[in-house]
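Chain by chain, the residues run as shown.
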Amino acid sequence: MRNKLLANLKLPISIIIFILVLDQALKIWVKTHMLIGEQFPIFGNWAFIHFTENNGMAFGWEIGGEIGKLTLSVFRIIAVIGIGWYLTELAKKDAPKGLLISFAMIFAGAVGNIIDSSFYGLIFSESYRQVAEFMPEAGGYSSFLHGKVVDMFYFPIIKTTIPAGVQFWTSNAEPMPFTFFRPVFNIADSSIFVGTVSILLFHRKFFKHENQVTETVNKEQSETI
């Protein structure tokens, strides 16, 4: 049983390690080579490495205040423990490899951002008006669980202006600048997104089957009683 479990988890664990190493290597490079707000193009005018940091969730969304930041960090840790446990349970059930890979990607992405929010405040100095220093003598810019998540991918593929006449959601009388895709994100965010979309698109049948099996077992047990 143990050997079978390890065999089923071999690929997911490899993917988790690969994503974490790639995610952290890029974040550390950006943090130690760029200033906040600095950017350079990687493909024309619609793909940039743009250094920013956020206190919150994927793609720059945030929960405000110190309490919000701490709550989010604790929630991430609890969620990662739950995802790790569930991934192990799926491996025990011989779940499809694609499903295991999807949960591995979500797990890796969550851990990648937890590393930032838990430790970056302790081991790096601020990135405003200076390139951050690793393990500064004066100490880091924040405390445990209060670090900021490093983001860098910015894809402003479409830049246009929305005429005032079609802005039905506001009374603003002026044309409104519009950019798609505005959020700045990182490899961990992408991993969570791809893993989640993959589950929704390709693996819903697995959960339907699991529910049917559970209902059958419960019915049999109730009839026995």
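Reading the values: rules and limits
Residues numbered from 1 in each chain as written. Predicted model: local features only at pLDDT ≥ 70, side-chain atom pairs only at ≥ 80, totals over all residues. Heavy atoms only, no water. Helix = DSSP H or I, 4+ residues; strand = E, 2+ residues; numbered from the N terminus. Buried < 20%, exposed > 50% of the residue type's maximum accessible area, 1.4 Å probe, protein only. Contact = heavy atoms within 4.5 Å. Areas by Shrake-Rupley, 256 points an atom, 1.4 Å probe, with all protein chains shown as cover. Pairing = 2+ DSSP bridges. Core = buried A, V, L, I, M, F, W, Y, C linked by side-chain atoms within 4.5 Å. Phe/Tyr/Trp six-rings, centres within 6.5 Å; stacked < 30°, edge-to-face > 60°.

Enquirer: Where do I start with the overall build of the protein chain in this structure?
Expert: Scanning the protein chain from N- to C-terminus turns up 5 helices and 5 strands. Seen in sequence order, the protein chain has helices and strands lined up from the N terminus as α-β-β-α-α-β-β-β-α-α. Residue burial in the protein chain is summarised as follows: out of 225 residues, 39% are buried. Long-range contacts, defined as pairs at least 24 residues apart, comprise 66% of the intrachain contacts of the protein chain with a sequence gap of at least 6. Roughly 13,500 Å² of accessible area belongs to the protein chain as shown, and the carbon and sulfur atoms make up 67% of that amount.

Enquirer: Would you mind showing me how to read the environment of Ser-191 here?
Expert: Position of Ser-191 relative to the elements: it lies in helix α4 (residues 187-202). For the pair formed by Ser-191 and Gly-109, sequence separation is 82 residues and the distance between their alpha carbons is 5.3 Å. Those residues within four positions of Ser-191 in sequence are excluded, and the remaining contacts are Ile-19, Met-105, Ile-106 and Gly-109.

Enquirer: Looking at this model, I keep getting lost on the pairing of strand β3 (residues 149-154). Mind explaining?
Expert: Consecutive residues of a regular strand have side chains that alternate between opposite faces of the sheet. Buried residues dominate β3, accounting for 6 of its 6 residues. Taken together, the 5 bridges between strand β2 (residues 47-54) and β3 define a ladder with antiparallel strand orientation. If you follow Ile-49 over to β3, its bridge partner there is Phe-153.

Enquirer: Please clarify how the nonpolar core should be interpreted in this entry.
Expert: The nonpolar side chains of a soluble globular protein tend to be buried, and buried together. Among the nonpolar cores identified, the biggest contains 38 residues, and Ile-16, Val-30, Leu-90, Leu-99 and Phe-103 are the most heavily contacted of them. The set of elements that each furnish at least two residues to this core consists of α1 (2-33), β2, α2 (65-92), α3 (97-123), β3 and α4. The element best represented in this core is α3, accounting for 12 residues. Ignoring sequence-local partners within four residues, the contact set of Phe-103 consists of Ile-83, Tyr-86, Leu-87, Leu-90, Ile-199 and Phe-207.

Enquirer: How should the packing of aromatic side chains be read in this particular structure?
Expert: Each aromatic ring pair is characterised by the separation of its centres together with the angle its planes make. Summed over the entire model, instances satisfying the criterion amount to 11 aromatic pairs. Centroid distance Trp-29 to Phe-40: 6.4 Å. Interplanar angle 85°. Geometry classified as edge-to-face. Note that Trp-29 is positioned in helix α1 and Phe-40 in strand β1 (residues 39-43), a separation of 11 residues in sequence. Of the residues examined, Trp-29 reaches a relative accessible area of 38% and is grouped as partly exposed. Linked through ring pairs, Trp-85, Tyr-86 and Phe-103 together constitute an aromatic cluster.

Enquirer: I would appreciate a short explanation of unusual backbone geometry in the present structure.
Expert: The general pattern is negative phi for most residues beyond glycine and trans for most peptide bonds. Located in the positive-phi region is Met-135, a residue other than glycine, with phi close to 50°. Positionally, Met-135 belongs in the loop between α3 and β3. Using a relative accessible area of 49% as the deciding quantity, one classes Met-135 as partly exposed.

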